[in-house]
Amino acid sequence: MAKGLTIVITVLILIGTLFIPVQTLGQVHVPFGARMNGGKIYYNDGRYEKAAEQFAFAVADRPNSAEARIWLGMALSHLQKSLAAAAQFDTALLLDSMHYKKMQKNEDFKFQAFTSFTQATREKMNTNDTNEWRVALHYIKQALKIEPESRQGLTFLAQLYLQLNQLEELKLSAQAIMKSDVENPLGYTMLGLYFFNQPDWD
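These numbers come from a predicted model, not from an experiment. (Residues numbered from 1 in each chain as written. Predicted model: local features only at pLDDT ≥ 70, side-chain atom pairs only at ≥ 80, totals over all residues. Heavy atoms only, no water.)

### Concerning the overall build of the protein chain
Stage number 1. Broken down by element type, the protein chain carries eleven helices and two strands.
Stage number 2. Walking the protein chain from its N terminus toward its C terminus, one meets helices and strands in the order α-β-β-α-α-α-α-α-α-α-α-α-α.
Stage number 3. Looking at the 202 residues of the protein chain, the share that counts as buried comes to 39%.
Stage number 4. The contacts of the protein chain with a sequence gap of at least 6 include a subset with a gap of at least 24, amounting to 53%.
Stage number 5. Carbon and sulfur atoms make up 58% of the accessible area of the protein chain, which totals about 12300 Å². (Helix = DSSP H or I, 4+ residues; strand = E, 2+ residues; numbered from the N terminus. Buried < 20%, exposed > 50% of the residue type's maximum accessible area, 1.4 Å probe, protein only. Contact = heavy atoms within 4.5 Å. Areas by Shrake-Rupley, 256 points an atom, 1.4 Å probe, with all protein chains shown as cover.)

### What to know about unusual backbone geometry
Stage number 1. Positive phi is not limited to glycine here, since glutamine 80 has a value of about 65°.
Stage number 2. Tracing the sequence through the fold places glutamine 80 in the loop between helix 4 (66–78) and helix 5 (82–95).
Stage number 3. Assessed through its relative accessible area of 60%, glutamine 80 is described here as exposed.
Stage number 4. Even without glycine at this site, asparagine 165 takes up a positive phi of about 55°.
Stage number 5. Among the secondary structure elements, asparagine 165 is positioned in the loop between helix 9 (151–163) and helix 10 (167–180).

### Concerning the confidence of the model for the protein chain
Stage number 1. Averaged over every residue, the pLDDT of the protein chain is 83; residues scoring 70 or more account for 85%.
Stage number 2. Of all the helices and strands in the protein chain, helix 1 (residues 2–17) carries the lowest mean pLDDT, 39, while helix 3 (residues 48–61) carries the highest, 97. (pLDDT = per-residue confidence, 0-100.)

### Quick notes on the pattern of salt bridges
Stage number 1. Inspection of every chain in the model, using the stated rule, returns four salt bridges.
Stage number 2. Here lysine 110 makes a salt bridge to glutamate 147, at a shortest N to O gap of 3.7 Å. With lysine 110 in helix 7 (residues 107–125) and glutamate 147 in the loop between helix 8 (130–146) and helix 9, this pair connects stretches of sequence that are 37 residues apart.
Stage number 3. Look at lysine 110 and you get buried, because its relative accessible area is 13%.
Stage number 4. Overall, glutamate 147 belongs to the partly exposed group, its relative accessible area being 30%.
Stage number 5. Between lysine 124 and glutamate 132 there is a salt bridge whose closest N-O contact spans 2.8 Å.
Stage number 6. Residue classification places lysine 124 among the buried residues on the basis of a relative accessible area of 13%.
Stage number 7. Take glutamate 132: its relative accessible area is 24%, and that puts it in the partly exposed class. (Salt bridge = Lys/Arg side-chain N within 4 Å of Asp/Glu carboxyl O.)

### Some details on the nonpolar core
Stage number 1. The biggest cluster of nonpolar side chains holds 52 residues, and the ones touching the most others in it are Phe55, Phe89, Met103 and Phe117.
Stage number 2. Discounting chain neighbours no more than four positions away, the residues touching phenylalanine 117 are Ala86, Phe89, Asp90, Leu93, Tyr139, Gln142, Ala143 and Ile146. (Core = buried A, V, L, I, M, F, W, Y, C linked by side-chain atoms within 4.5 Å.)

### With respect to helix 7
Residues lying three or four places apart along an α-helix face the same way, a consequence of the helix completing one turn every 3.6 residues.
Stage number 1. A rise of 1.5 Å per residue sets the reference length of helix 7, with its 19 residues, at 27 Å; its end C-alpha atoms lie 27 Å apart and thus fit the reference within 8%.
Stage number 2. Two or three places before aspartate 108, at the opening of helix 7, asparagine 106 has a side-chain oxygen 3.0 Å from that residue's backbone nitrogen. (Expected span 1.5 Å × (residues − 1). Polar contact = N/O pair within 3.5 Å; in protein donor to acceptor, adjacent residues only side chain to side chain.)

Written out as structure tokens, the structure is:
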């Protein structure tokens, strides 16, 4: 009888532990979905610091969630943290390229991502580090996937090709612009820069 009672008590203890909140060093684990929902509530209320905090927890919980990274990038963009926002947008788009199309349908997503990429590009262009210029080139290409006809984006692209001495890429970009819009003066400007920077230019 005593043995049977011991077994029953042990089972009850085990069942009871299933209903105890998961705690690690005093911190309660909040489910991913709850973090995302909380972050969106804060975001829609304009409380971007709080929103970024919740989305950061969500990203920590699921690093491969493109959605969580997009929302974190959105919140960081509103906080004028362009480099951090661009990094989140970039990772999200590498994880799930379908978000390019999703951004085209959501003006807020589109604006925040494009702005973050272009501002981060500008910051990295203003360094004397070639590796930073390469990151800037990657970022501006991401921005141009969102806004392909942005003159600001195309201008940054041309400047980076010059800074990195990628003249053939500059020429190809100029030709692509001229092909899509023959009246766009930027294409002719870029092509002129290509010829002007040739070694045998007189």
